[in-house]
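Residue-level structure breakdown
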Amino acid sequence: MAYQPPRESDPPMMRDTPRTFVGTTSFRVGGMTGQDSADAMAAVIAGLPGIAGVSFDPGAGSVVITTDRPLERGDVAAALEGAGLTLHD
């Protein structure tokens with residue numbers, strides 16, 4: 001998969017994360033109101049192809065995703081939005 005540089009129109013956090021990434025990447029997530037929403041978020045992300053691990057900190061509103069193959073950050077954003085959560089910049 002070819003490298004795709006971040007777009008200038010992307011929010012700051014998204015500009016710092018390549019559109020396609022592999023390995024471990026952290027995101028700030030809005031909408032985690034407690035353990036139930038964090039568990040739902042982890043389940044949604046774990047269902048994406050290539051996910052090797054998901055850890056989260058509801059208090060900090062952060063999630064760390066580890067992949068074993070390239071993953072589009074847009075797929076992460078869409079999965080989170082489907083669960084009622086949002087990526088923050």
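Quick look at the structure, then. (Residues numbered from 1 in each chain as written. Predicted model: local features only at pLDDT ≥ 70, side-chain atom pairs only at ≥ 80, totals over all residues. Heavy atoms only, no water.)

1. As for the nonpolar core
Selection criterion: Take the buried Ala, Val, Leu, Ile, Met, Phe, Trp, Tyr and Cys residues and link them wherever side-chain atoms come within 4.5 Å; each set so joined is a nonpolar core. Think of it in three bands: residues with accessible area under 20% of the maximum for their type are buried, residues over 50% are exposed, and the middle band is partly exposed, with areas taken using a 1.4 Å probe on protein chains only. A helix here means a DSSP run of H or I that spans at least four residues, while a strand means a run of E at least two residues long, and both kinds are numbered starting from the N terminus. We call two residues in contact whenever any of their non-hydrogen atoms come within 4.5 Å of each other.
Among the nonpolar cores identified, the biggest contains 16 residues, and V29, M41, I45, V63, I65, V76 and L80 are the most heavily contacted of them. Listing elements by their share of this core, those giving two or more residues are β1 (20–30), α2 (35–46), β3 (62–72) and α3 (73–82). Beyond its immediate sequence surroundings of up to four residues, V63 is in contact with T25, S26, F27, V29, M41, I45, V54, S55 and F56.

2. Considerations on α3
Filter applied, for reference: Each direction from the helix axis to a C-beta atom contributes to the arc, which is the arc of those directions.
Taken as a whole, α3 has its buried residues at R73, V76, A77, A79 and L80. Relative to the axis of α3, the buried residues are bounded by an arc of 165 degrees and lie together on one face. Those residues of α3 that are exposed and aimed more than 90 degrees away from the buried face are E81 and G82. Taken from the residues just after α3, G84 is the one with a positive phi, measuring 85 degrees.

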